Amino acid sequence: MTFHKTLAGCEEGSRAAWQGFVASYTPTLLRLLSVYAPACNEERQKQVCQESLRLLCADNFRRLRTLDHQSERECIVHLRAFLLETGANQLDPAADNRNAPEPTPDTVKDLLKGLPLIHQLVLFLKLAGYSDGTLEGILRITPTVAQSGLQRLQQKYTVILKRERDGGLWPAAWMNLLRHAWAGGSDACPHLRQFTRILDGQTGWNEKESAEKHTVGCLHCLERWAALREVTHWLGVMPPLPADHVDVLLSDLPVKAEPRARTSLLKWMFG
Ligand SMILES: [Zn+2]
């Protein structure tokens, strides 16, 4: 089933469509939670996912209808923000790391200043909580490029360098930074679609150059660029959720029962 059909089916409460949606996208959502809410164990992560799905379905799928409907990755970028906001109450500011200054919008903007876009992305995703290996996979860069992007972290943020596991050290502070970035867009910001087109090599050099020039000075757009790269990566590598896990997540949603019951009744009546 294609993305568009799945989404349309989900809005009608089709069980098959929701099975597809949950199987395809929940693994990415769980992976994101393990980075942005690392204190949550697997069970809590599933509960946050379940709560997000429930909220998407509330009020005749009102929230689901507000997600981007044109492109899968853009839809999941919006879903990512919705999920992280839903899970934000799990983050305890007291649990943030104290061995390095917590990242704030101002300190992060200072760290990013003057860097080329690729190094900004490296630094941003590193502070968010990614290990070097995952970061290289998300941005499709060599360790050498990654390391030169990390140079500015040598002084104050040695605590996050050389980490082998994914998981943010300042989940509460980073959530504040994300909220600041989400709220900070302006009319000058390119549409997320333009970033997708750039990522897919579908734009001319001028368009790419102008969007990149804007993004190096705009935290709102840098965050969306980083989110698009993350989502693209995880959608590509995470296997679908096993059917029994899908059923557990669906049990709480207002999905229509399979027509199986009706079929078996007809079968019983007419053989
Ligand atoms: Zn912008």
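Predicted model, so just to flag it, every value in this text is computed and none were measured.

Moving on, we come to the overall build of the protein chain. Within the protein chain, the secondary structure is distributed over 14 helices and zero strands. For 271 residues, the compact-globule estimate of 2.2 N^0.38 gives 18 Å, and the protein chain sits close to it at 20 Å. Here the C-alpha coordinates of the protein chain stretch approximately 75 × 45 × 30 Å along the principal axes. By residue count, 35% of the 271 residues in the protein chain fall in the buried class. Within the protein chain, counting contacts between residues at least 6 apart in sequence, those at least 24 apart form 76% of the total.

Before going further, it helps to examine helix α4 (residues 72-87). The end-to-end C-alpha separation of α4 is 22 Å, in line with the 22 Å expected for 16 residues at 1.5 Å each. Every buried residue of α4 is accounted for by Glu72, Arg73, Glu74, Ile76, Val77, Leu79, Arg80, Leu83, Leu84, Thr86 and Gly87. Looking at the buried residues of α4, the elements they touch are α1 (3-11), α2 (15-36), α3 (42-66), α9 (171-183), α10 (192-199) and α12 (219-237).

With that out of the way, let us pick up the packing of helix α6 (residues 117-128) against helix α7 (residues 132-139). Close contact between α6 and α7 brings their axes to 10 Å; oriented N to C, the two are set at 135 degrees. Relative to α7, the element α6 lies oblique. Here the hand of the crossing between α6 and α7 comes out right-handed. Each of Ile118, Leu121, Val122, Leu125 and Lys126 in α6 lies in contact with α7, whose residues at this interface are Leu135, Ile138 and Leu139. Residue composition of the contact of α6 with α7, by class: seven nonpolar, no polar and one charged.

What follows is about unusual backbone geometry. If you check the backbone angles, Asp59 has positive phi at about 55 degrees while not being a glycine. Along the chain, Asp59 turns up in helix α3. You can call Asp59 exposed: it has 9 C-beta atoms within 10 Å. Of note in the backbone geometry, Arg140 takes a positive phi value of approximately 50 degrees without being a glycine. Tracing the sequence through the fold places Arg140 in the loop between α7 and α8 (143-149).

Here we take up the nonpolar core. Membership of the largest hydrophobic core comes to 66 residues, with the highest contact counts inside it found for Phe124, Leu125 and Trp174. When residues of this core are assigned to their parent elements, the largest contribution, 11 residues, is made by α2. Lining this core are residues from two domains, each supplying at least three of them: domain 1 (1-90 + 241-271) and domain 2 (92-237). Discounting chain neighbours no more than four positions away, the residues touching Trp174 are Tyr36, Pro103, Ala128 and Gly168.

In this section: the domain arrangement of the protein chain. Taken as a whole, the protein chain is organised into domain 1 (1-90 + 241-271) and domain 2 (92-237). Between the C-alpha centres of domain 1 and domain 2 the distance comes to 27 Å. The partner domain 2 presents 22 residues to the 18 residues of domain 1 that form the contact. Looking at the side of domain 1 that touches domain 2, the elements that each hand over two or more residues are α2 and α4. It is α4 that contributes the most residues to the side of domain 1 that touches domain 2, seven residues altogether. Its residues assigned to classes, the side of domain 1 that touches domain 2 shows 11 nonpolar, three polar and four charged.

Between α2 and helix α13 (residues 243-250), whose axes approach to 10 Å, the crossing angle comes to 115 degrees. For the element pair α2 / α13, the angle class is roughly perpendicular. Crossing handedness for the pair α2 and α13: right-handed. Touching Trp18, Gln19, Val22, Ala23 and Thr26 of α2 are Val246, Leu249 and Leu250, all from α13. Here the residues of the contact of α2 with α13 sort into six nonpolar, two polar and no charged.

With that out of the way, let us pick up the confidence of the model for the protein chain. Summing up the model confidence of the protein chain, the mean pLDDT is 92 and the portion of residues at 70 or higher is 95%. Predicted confidence in the protein chain is weakest over helix α14 (residues 260-270), with a mean pLDDT of 54, and strongest over α12, with 98.

Structurally, Ala146 can be placed in helix α8. Residue Ala146 is classed as buried on the basis of its C-beta count, with 22 C-beta atoms lying within 10 Å. For the pair Ala146 and Glu42, spaced 104 residues apart in sequence, the C-alpha to C-alpha distance is 29 Å. Once residues lying within four places of it in the same chain are set aside, the contact partners of Ala146 are Val122, Asp132, Leu135, Glu136 and Ile141.

What counts and how
- Residues numbered from 1 in each chain as written.
- Predicted model: local features only at pLDDT ≥ 70, side-chain atom pairs only at ≥ 80, totals over all residues.
- Helix = DSSP H or I, 4+ residues; strand = E, 2+ residues; numbered from the N terminus.
- Rg over C-alpha atoms; globule rule 2.2 N^0.38 Å.
- Buried ≥ 20, exposed ≤ 12 C-beta atoms within 10 Å, placed from the backbone.
- Contact = placed C-beta atoms within 7 Å.
- Expected span 1.5 Å × (residues − 1).
- Axes fitted to C-alpha atoms, helices over the stretch in contact; angles between N-to-C directions.
- Parallel < 35°, antiparallel > 145°, perpendicular 65-115°, else oblique.
- Left-handed = near helix turned anticlockwise from the far one by under 90°.
- Nonpolar A, V, L, I, M, F, W, Y, C, P; charged D, E, K, R; others polar.
- Core = buried A, V, L, I, M, F, W, Y, C linked by C-beta atoms within 7 Å.
- Domains from an automatic or database assignment.
- pLDDT = per-residue confidence, 0-100.

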